[in-house]
Amino acid sequence: MTKAPSLSPELLRVFETIPDSYLILSPDFTILTASNTYLKATLKKREEIQGKSVFSVFPKNPTLPNTDTIEKLRHTLEWVLLHKQPQLLGIQRYDISLPEQPDNFLEKYWDASTSPVPDGEGNVQYIIHKLEDVTEQVIALKGLEQRKQKPSKGKGKQAITRAELVAARTEADLQREKLYNIFMQAPAMICIFEGPQHVFKLVNPPYQQLVGDRPLLGRPIAEAMPELAGQPIFGLLDRVYRTGVSVHAHEMKVQLDHENTGGLGHNYYNFTYQPISSLAGNIEGIMVFAYEVTDFVTSRQKVEQREQALQELNKELAAANKEISLTQKELQNLNQKLEEQVQMRTKELQLSKAETEAQRNQLHQLFMQAPAPIVILDGPDLVFELVNPAYQQIFPGRELLGKPLLKALPEVVASPVPDLLNKVYETGETIVAQELPLMLSRHEGAPPEEIYWTFIYQARRNEEGNVDGVLVFAHDVTDQVHARQQVEQTAEQLKLITDALPVLIGYLDKEEKYRFANKAYEAWFNQKPEELLGRPVREVVGEKAYQGVKVYIERALAGERLDFESRMPYREDFVKHIRTSYVPDFRDGKVAGFYTLVNDITEQVEARLYIEKREKQAQELAEELKAANEKLSASNQALRTLTQQQQRMVTLIENSTDFIGLATPDGKGIFINPAGLKLIGLEKGQVEELNFTDLFHEEDKAFVKEVMLPALADKDRWVGEFRLRHFKTGESITVHYDSFSIRDPSSGELLGLASIIIDITERKEQEAALQKLTRELAATNEDLSIANEQLTRTNVDLDNFIYAASHDLKAPIFNIEGLMRILVDTLPSHVIESQGLEGVTGMIEGSVERFKRTIEHLTDVTKLQKENNQDAVVVDLSEVIREVKLDLAQQLEAAKAQLDVNVAACPAIRFSEKNLRSVVYNLVSNAIKYRSPNRAPRVEINCHLEGDFVVLSVRDNGLGMDLRKGNKLFTMFGRLHDHVEGSGVGLYMVKRIVENADGRIEVESEVGVGSTFHVYIRQ
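This one's a predicted model, so the numbers in the text were calculated from it and none came from an experiment.

Caption draft 1: Structural view of the state of the cysteines. A complete count under the given rule lists one disulfide for this structure. Between the sulfur atoms of Cys906 and its disulfide mate Cys943 the distance is 1.8 Å. Of this pair, Cys906 sits in the loop between strand S29 (898-902) and strand S30 (908-911) while Cys943 is found in strand S31 (residues 938-946), placing the two residues 37 residues apart along the sequence. Each member of the pair, Cys906 as well as Cys943, carries the same accessibility label: buried.

Shown next as C-alpha cells:
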C-alpha cells in the first residue's frame, strides 16, 4: 500500500542541496524534485521536470532502438514499490538530449540505485533514485578493450591510462587518509583486525587508552591482551571471522589490565564486530566499533534494551555487504576482459575506490544505525550535517538537518552549549559533560522541558589537520537522573531516620571500608560521618578495638548473621561496651558487605559489674557477720562488748551507698542503713514498727511472704529482682535484691536475716528504651526490605514482559506474514480460485493482523507502566475532545452517531495531556463500537466539579452491560461483547491511567438502555 507524499518545502530544499545526484519521486513515479548535482549532470532545469512523469521527461535515443533501459527502470521502480526494499539497477546506458538541440544526444552511462522511504506505518511515502555518472570510466574501459585488440596502435593511449590510474590512486589515497583521520578522531573506540589470528591493523586513540602504553599494532589480540583468555572475546572474533556474521554486544563485561599492573578492571562496553570482505567475497578481517557504558550500567535503574535496533543493523549491514559483493563481482567480470597488466592496474583502482566507498558508507551506516544519539555539526556556524535517527528521535517534531544549531534549537542560546561547542571548534579540545540540564522543546512550538544530557564534543579535522566541524555523541539521561534523584531522596529520608537514632548504624563493604555511617558516629569518633566513608574500619576504631571484632567481621563477610557483646577500647580515654548486630548484604547470591547496628551498653555493663562488686562485698560482709556471730554466740560477754571488728563493720554498713538491712527471723525490722532509709523514704525511728514484707510493692508482698522467706530459712540465700515502694511518694522502685540468713555457727539456729539492695530503676528504663528502639529499627528495616523486593520483582516482570512482547512474539508473526505474502504471490490466481482459497488467505491475513494488534496493545500496556509518572499540566478539555472527535470522524460518520459535549463547568484540567486524550478516546470509541442496532447512536460528554475531583462523564444509548459480570470489565483482555472486533485492553488502560493519578472510575449500565462511565480526576 502506498500513500501520497507530503514533503514540506524545507525538506524539499534539503534534498535539492545534497551534493550527490538524487531524484525524488512520488509512488506514481512523478518527479517531486531533484538535487542540483542531478540537474547539472542531466542538463535539465527543475521547473521543466517537476510534477512530470519520469518516463516522459527523459526521452529514448532513437538511434539506439534495441536498448531496454526505460523498461528496466520501470521494472525496478515497480519492484521497489511492491517489495519496499532497495534495488540496484546497475550500470546502464541512457543518453541525454542537448537542451538547444533536442534531436542530438550525449552518450552517457549511469550507475543507478533506487530506495523506498516508508512512513511510520510502513507505507512507501516517496522513492529516492540515486545516479552516479560513470561515463568516463566505461568509455575508458571500452578504449582499453579496443587497445587490447589493436596493441600496435595503442601505445600512446597506454601512457594516458597510466596517468589516469595514478590520479585515481592518488584520489583513493586521499579518501583513505580522510577516512583514517575520521577513525582516529572519533571519540568511540575503533580498531581493525586482520587475518584469522586477529592482528591489530588499526587502533585509534580511545581504543589504545584501554591498555595505556601497551603496544598493540602488528600483534595478535591473544598476545597483546592475554588477560582476555577465558572471556567471550576470542570466541566472538573467531566466530565472526569464520561465519562472516556480525556480532553486537550490549553492556558486556570485559576485564582488562588497564593500568598494566596485573589488576583487572570491571568495565562494560557496547560493541560491534563487523566482518570486512574482499572484492572476491572472502573474509579478510574484522572492524570493531565500541564505546564504554560502565557508568550507565552501574547507575541506571531502568535501561531500555536495544536488541531490536541491533538486529535491524545486522540485517542492513548484511544487505549492504551483499550489494557491495554483487557490485564487486560485476566489476571483476568486466576487468577480466582486459590485458593482464591493465587488468591488474584497473583492479587496483577499483579496489581502492571500492574500499574507500565501502569504508565511507560503513562509517555512515554505523553512525546512522548506532543506538547512541550522534550528530555532526559543520563549520563555524555549527550546521547540522548529519543527524542519526537516535538523535532525531529525541526531537521528533523538529527539523534539524541543514540548519545551524542556534536556528534549529534557539532555546540553547542561553545555555552553556554554544560556548562549549565554540571552544571545541576553536581549540580542538574534547569536552565531556555529565548530566547537564537543558531546557529544550522536543516538538516545534511546544513548551520547553528540562532534559538531562551526558555528551562528548569531539573536534572533526580535515586533511590538513584543521578543525572543520564538531562530532557530538549525546545521551538523554533524564530518566536515569530522575530515578537517581528519587533514590537519593529516599536515601536522604532514610539518613534522617538513622541520624535520629541513638545507635551507631553503618555499612562495611567486602574491603571492610565504611560506605555508610549515621550521625551517631560523630559523637564517638569526633569526625563527621562523611569523613569516615571509604576508610577501613581498622583505621577508624583503632587496632585494639579492631582485634576485638575481627573474627566477627570475617564471619559476617562469610554470610553469617551475628549478635554479640564486646568491650571496645577505642582510645586510651574512651572505652565502650557494645551490643552489636552484623547483617550480611547478599547481592546476586554473593555477600557484598554487611550492615552494622551498635548499641552502647556501657552503663548497663558498668551497672552489672557494680552489682557484682556489691554482691561480692555483701558476701564478704556476710562472712564477717557470720564470723562475728560465731564469736558472739561463744560468749555472752562478747555480745555486751563492742569489739573493734564490729565497729568496723558498723562503719562500713553506715557509709555504704547501697541499701543494707537486718531483720528478725519472723521479718520484724531491726536495722536499715542511711542509704536504705533514703531509698524508700523512711526515718530511722520508723524501722522498728515495720515488718520485712512492708518494704515491698503490693504485688510482690505475697511472693516474698510465701516463697522467699521460707526459702531463706531453708537455703540461706535468695537473689533476684523485686520492686520496693517509696513510703512518701508511693512510687515503685526496681531493685536487685540479695538476701541471706544469719545462723548460730554452733547450733545452726536462725538468728536473723540480712539484705543488700541495689537500685536498678534507671538501668531498667534504659533497657526498655533500647528494646523499643531495636524493635522500631527492625520494623523499619523489614519495611525497606519488602519495598525493595517488590520493586525488584516489578522491574523483573516488566523486563520479561517487554522481551516477550517485542522479541518472542513480533519476530514469528512478521515471518508468518512474509511467508503468507510469498505464498500468495507464488500461487497462480487460477489455482487460488479453483481451490477456493480466496477466503482462507483472507482469514489468515485477518488473524495475523489481529495478532499484530494484540502485540501492539501489549506494548501500549508496557509503555503505560513506564509513563505512569508523567507530570500533570493544565489541559484544555474542549481541545482534547475536539482532537478525539477529528480522529474518530470516520467512525462517527459511518455509525451516523451524534456527539454532544457540555464541559463548560471545567474547561481546564490538571492532568497528563497524553493520558487524558487516551481516556477520552477509549471511552468514546467504545460507545460507538458497542452501539445498539435498534436506534441511532448518541454519545454525551459532561463534566462537573465534585470536592477535590473533576468528574468527566461519558454516556451512551448503546447495548448496555450486565454488571453482574462486571468483574471482567476492567481486566486485561476482558470483554463482555464478542460480536464486534476488540482487544479488551482499552478499559484496562483507562483504569490504570486514572488510578495511577490517584483517581477512580465508576460505571452505570443497563442492558438495552446504555452505559455511563464516570472518571474522577483528582486536582
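Caption draft 2: Region of interest: the nonpolar core. With 38 residues, the main nonpolar core has Leu877, Leu916, Val920, Ile941, Phe1013 and Val1015 as its most contacted residues. Elements with a minimum of two residues in this core: helix H30 (877-887), helix H31 (889-895), S30, helix H32 (913-929), S31, strand S32 (949-956), helix H33 (986-996) and strand S34 (1010-1018). Among the elements that line this core, the one with the most residues is H32, at seven residues. Once residues within four sequence positions are removed from consideration, Val920 is found in contact with Val880, Ile881, Val884 and Leu952. Counting residues in each nonpolar core, the second largest holds 30 residues, with Leu382, Leu436, Leu438 and Ala474 among its members.

Caption draft 3: Here's a closer look at helix H16 (residues 417-427). By the burial criterion, the buried members of H16 are Val417, Pro418, Leu421 and Val424. Buried positions in H16, seen along its axis, are confined to an arc of 130° and lie on one side of it. In H16, the exposed positions angled more than 90 degrees off the buried face are occupied by Asp419 and Glu426. Tucked inside the fold, the buried residues of H16 contact strand S13 (374-378), helix H15 (405-408), strand S15 (431-440), strand S16 (449-461) and strand S17 (467-476). After H16 finishes, the residue Gly428 shows a positive phi value of roughly 80°.

Caption draft 4: Region of interest: the side chain of Thr454. Looking at where Thr454 falls in the secondary structure, it is placed in strand S16. Judged by its relative accessible area of 6%, Thr454 falls in the buried class. Within polar-contact distance, the side chain of Thr454 engages the backbone nitrogen of Glu435 at 3.0 Å. Setting aside its immediate chain neighbours within four residues, Thr454 contacts Phe296, Ala433, Gln434, Glu435, Phe473, Ala474, His475 and Val477.

Caption draft 5: Region of interest: the layout of surface pockets. Of the volumes computed, that of the second largest pocket is approximately 640 Å³. Looking at the second largest pocket, it is lined by 26 residues, and the ones nearest its centre are Pro187, Met189, Tyr291, Glu292 and Ile456. Among the secondary structure elements, those contributing two or more residues to the lining of the second largest pocket are helix H7 (155-185), helix H8 (205-208), strand S12 (283-292), helix H11 (294-299), S15, S16 and S17. Per element, the largest residue contribution to the lining of the second largest pocket is four residues, and it comes from S16.

About the thresholds
Residues numbered from 1 in each chain as written. Predicted model: local features only at pLDDT ≥ 70, side-chain atom pairs only at ≥ 80, totals over all residues. Heavy atoms only, no water. Disulfide = S-S within 2.5 Å. Helix = DSSP H or I, 4+ residues; strand = E, 2+ residues; numbered from the N terminus. Buried < 20%, exposed > 50% of the residue type's maximum accessible area, 1.4 Å probe, protein only. Core = buried A, V, L, I, M, F, W, Y, C linked by side-chain atoms within 4.5 Å. Contact = heavy atoms within 4.5 Å. Arc of directions from axis to C-beta. Polar contact = N/O pair within 3.5 Å; in protein donor to acceptor, adjacent residues only side chain to side chain. 1 Å grid on protein atoms, 1.4 Å probe; cavity = no way out; pocket = protein on both sides within 12 Å on 5 of 7 lines; lining within 4 Å. Points joined across faces, edges and corners; volume = space filled by probe spheres on them.

Note that all results are geometric; they support no functional claim without further evidence.
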